[in-house]
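# Analysis of the macromolecular model
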Amino acid sequence: MKTSIATVSISGELPEKLEAIAKAGFDGVEIFENDFLAFDGSPVDVGRMARDYGLEITLFQPFRDFECMPPSHRQRTFDRAERKFDVMQQLGTDLLLVCSNVSPVSLGGIDRAAADFHELGERAARRGLKVGYEALAWGRHINDHRDAWEVVRRADHPNIGLILDSFHTLSRKIDINSIRSIPKDKIFIVQLADAPLIDMDLLYWSRHFRNMPGEGDLPVTEFATAIAETGYDGYFSLEIFNDQFRGGSTRSIAADGHRSLIYLGDQVRRSPNVSGLTLPAMPDRAKVKGVGFVEFSADEKEAADLVAILHTLGFRKAAVHRTKKVSLFSQGDIRLLVNTDEKGFANASFAVHGTSAYAMALLVDDAKAALARAVTLDAEPFNQPVGLGEVEIPAIRGVGGGLIYLIDNKSELGRFSEIDFLPVEEGMEITPAHLLRIDHIAQTVAYDEMLTWLLFYTSIFDAHKTPMVDIIDPAGVVRSQVVENASGALRVTLNGAENRRTLAGHFIAEKFGSGIQHLAFETDDIFATAAALRKNGFRPLSISPNYYGDVEARFGLDPELTERLKADNILYDRDEHGEYFQLYSGTYGEGFFFEIVERRGYRGYGAPNAIFRIAALKKQMRPEGLPRT
Ligand SMILES: O=C(O)c1ccc(O)c(O)c1
Ligand SMILES: [Mg+2]
């Protein structure tokens, strides 16, 4: 599969864009006219630059308001086209994208359009060039690819073909099956973009909210599959107009784009009717069966505070690493590692971020296969030397540069704690708190990184994303979206912070980056857990008494239950599937905290309670200097 991206999709100046596009692994680039016009170099320079980076210029675009002009404008329109042909020959590209006319003076009429394209085809042919016609969703007369195809068909010229753009077709909910009757050699190129479902004017939606395939809600994979089923084997080219991307990191947006196309290609080639889509082989998305462990990095002093909290949560030290300063704490299926070693990545991470949960391990069917898929999808593999006889666990870099280890039970990886660790018995009295497993891992990221990580998780792992919800912090909005799998074994909540005065934004600012901000453990008896925690001297986050009056009224709770919730600072929610109970710790360090949940069938994450939880956490943190809102 040949991959391309339009220069308009990423931020920066033309040379910077070309470099990032090449580095991300694309084969080709669409030169967007404005990027070229704003650049000082000649078209020959641009062409040379692209080729020096190994990029083919897939097309030059857009050429606007061409077809069906009235006689008074027609000659000028062809003169304009000839000028663009000059530029294209100097650039070294043979395809011009003509988008459907939006001019109020254009006359319309399929045959008039076809006649204009036939003549343009003659002119293009004289120069060895081709022209592709694209229906804009808001075109004045042509706004549907089926009509654009009819124009191309009637133009009946070998140098005139069709350009399909997923946004224009899918935003108007045009039947994808209509693509199947188009001969593959008349599809000159395919542009792809996704978008979140938002009800708004098509032009505005298209120019500001497009995103990478897989990042939005449109059936882009089905669209691309229908095209591939025609036998089309040309470029799939991203054309993303997005305000956030225009202001984002050139490199990382380009990298997301490449990942999105490889992921899309991998899905498309799984259709039994698609052949000839060449892509590197890769295993299926990895099925996550559980969280193997979460690892903290700390120095001795901060580790002592952290361990004290773990004890109050009912964790016991169960083992110590044979050669490194790493302790393993466990309860139920939960394993937490505390790493105070002075060498290695954990220590480097501590030096930058302070005490943090810098790594997690996901239990998958086949860790090697999961690693192979991740790397094919441009994830960065991680390894560091291990001691003789110790297990080398495959890993990739995740959110904030932290690690995602991949373990399985089919190899010795699943037994790493028996191989690398020695069991120990902690003598102290700790009441077990009925914590069974990790329910979810909450990662805080900058808002403009959210799409990056959603795509990262959903392309590598067999998981889906849930709709975004807004969480109100007294100092701003935090956007929250969940990546989860059907079994619930993988649940990662991503919280996107827009400013540093929110609890999430403060965490990023003070920790020098994104990362895990809280861990939620699951219990099957929240009240028994609360009683055990009390015995262990755990200090729960104190919830405003006003909350309980409201929750009782909202859900019609038995006052006795309300009293129990209030006595233990437990938050309550309910959905159509059942009830949810949440209990929080206070914050530790720059805003890290623990949560304990009980799900009685409930499938959500307690979003309605987040506002109260955040307010309480901030109140508790304020003495340590979180700015007042
Ligand atoms: O928004 C536009 O005008 C525009 C231009 C060219 C395209 O290929 C397109 O999809 C949209
Ligand atoms: Mg387009």
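Residues numbered from 1 in each chain as written. Chains lettered and ligands numbered in written order. Predicted model: local features only at pLDDT ≥ 70, side-chain atom pairs only at ≥ 80, totals over all residues. Heavy atoms only, no water.

### Let's talk about the confidence of the model for the protein chain
Quick reminder of the rule: Confidence of the predictor at the level of single residues is given by pLDDT, which spans 0 to 100.
Per-chain confidence: the protein chain averages 95 in pLDDT, with 99% of residues scoring 70 or above. Both scores are available for the predicted complex, with the pTM at 0.96 and the ipTM at 0.99.

### Quick look at the packing of helix 9 (residues 220-228) against helix 11 (residues 250-268)
Our working definition: Orientation is described by axes fitted as lines to C-alpha atoms, over the contacting stretch for helices, and by angles from 0 to 180 degrees between their N-to-C directions. A run of H or I in DSSP counts as a helix once it spans at least four residues, and a run of E counts as a strand once it spans at least two, with each numbered from the N terminus. Each angle is binned into one of four classes, with values under 35 degrees roughly parallel, values over 145 roughly antiparallel, values of 65 to 115 roughly perpendicular, and all other values oblique. Handedness of a crossing is defined here by the sense of rotation of the near helix relative to the far one, left-handed for an anticlockwise turn of less than a right angle and right-handed for a clockwise turn. Working rule for contacts: check all heavy atoms of both residues, and any pair within 4.5 Å makes them a contact. In this classification, Asp, Glu, Lys and Arg are treated as charged, Ala, Val, Leu, Ile, Met, Phe, Trp, Tyr, Cys and Pro as nonpolar, and every other residue, Gly included, as polar.
Taken N-terminus to C-terminus, the directions of helix 9 and helix 11 make an angle of 60°; their axes are 9 Å apart at the nearest point. In terms of orientation, helix 9 lies oblique with respect to helix 11. Judged by the sense of rotation from one axis to the other, the crossing of helix 9 with helix 11 is right-handed. On helix 11, the residues touching Val 220, Thr 221, Ala 224, Thr 225 and Ala 228 of helix 9 are Leu 264, Gln 267 and Val 268. Across the contact of helix 9 with helix 11, the residue classes tally to 5 nonpolar, 3 polar and no charged.

### Focus: the domain arrangement of the protein chain
Our working definition: Note that domain bounds follow an automatic or database assignment of domains. Using a 1.4 Å probe, buried area is obtained as the accessible area two parts lose upon being combined, added over both of them. By salt bridge we mean one thing: a side-chain nitrogen of Lys or Arg within 4 Å of a carboxyl oxygen of Asp or Glu. Each polar contact in these results corresponds to two N or O atoms within 3.5 Å; when the atoms are within protein, one needs to be able to donate a hydrogen and the other to accept it, and residues that are neighboring in sequence are counted only if both atoms are side-chain atoms.
You can read the domains of the protein chain as domain 1 (2-269), domain 2 (288-423) and domain 3 (435-618). For domain 1 versus domain 3, the separation of C-alpha centres amounts to 43 Å. The interface of domain 1 with domain 3 comprises 11 residues on the first partner and 9 residues on the second. Here domain 1 and domain 3 share an interface that buries about 1,000 Å² over both sides, 55% of which is from carbon and sulfur atoms. Our enumeration of links across domain 1 and domain 3 arrives at 0 salt bridges. Across the domain 1-domain 3 interface, the total number found is 4 residue pairs in polar contact (both at pLDDT 80 or more). Listing elements by their share of the side of domain 1 that touches domain 3, those giving two or more residues are helix 10 (243-246) and helix 11. A class-by-class count of the residues in the side of domain 1 that touches domain 3 yields 3 nonpolar, 5 polar and 3 charged.

### Considerations on the pairing of strand 1 (residues 2-6)
Note the threshold: Working definition: with a 1.4 Å probe on protein chains only, accessible area under 20% of the residue-type maximum means buried, over 50% means exposed, and in between means partly exposed. The pairing criterion is simple: DSSP has to find at least two bridges between the two strands. For a crossover, the right-handed case is the one in which the path from the first strand over the helix to the second runs clockwise, viewed with the strands pointing away from the viewer.
The element strand 1 is extensively covered by neighbouring structure, given that 4 of its 5 residues are classed as buried. Direction of pairing for strand 1 relative to strand 8 (residues 235-238): parallel, over a ladder of 4 bridges. From the neighbouring strand, Ser 4 faces strand 8, where its bridge partner is Ser 237. Strand direction decides the pairing type here: strand 1 and strand 2 (residues 28-32), joined by 3 bridges, are parallel. Among the inter-strand pairings, Ala 6 is bridged to a residue of strand 2, identified as Glu 30. Following the chain from strand 1 across helix 1 (residues 14-24) to the adjacent parallel strand 2, one finds a crossover that is right-handed.

### Considerations on the environment of Leu 279
By secondary structure assignment, the location of Leu 279 is in the loop between helix 11 and strand 9 (288-297). When the C-alpha atoms of Leu 279 and Asp 266 are compared, they prove to be 7.3 Å apart, with 13 residues separating the residues in sequence. Excluding residues within four positions of it along the chain, Leu 279 makes contact with Met 1, Ile 262, Gly 265, Asp 266 and Arg 269.

### Quick notes on the site of ligand 1
Worth spelling out the cut-off: Here a residue counts as near a molecule or strand whenever at least one of its heavy atoms sits within 4 Å of it. Every accessible area reported is derived by Shrake-Rupley at a probe size of 1.4 Å, with residue values counting cover from the shown protein chains alone.
As a matter of local geometry, ligand 1 sits amid 14 residues, with Arg 64, Glu 134, His 168, Arg 207 and Glu 239 nearest to it. In the model, an oxygen atom of ligand 1 is placed 2.9 Å from a nitrogen or oxygen of the Asp 165 side chain. Computed on the free molecule, ligand 1 has an accessible area of 290 Å², of which 100% lies beneath the protein chains in the complex. The residue inventory of the shell around ligand 1, partitioned by class, reads 5 nonpolar, 3 polar and 6 charged.

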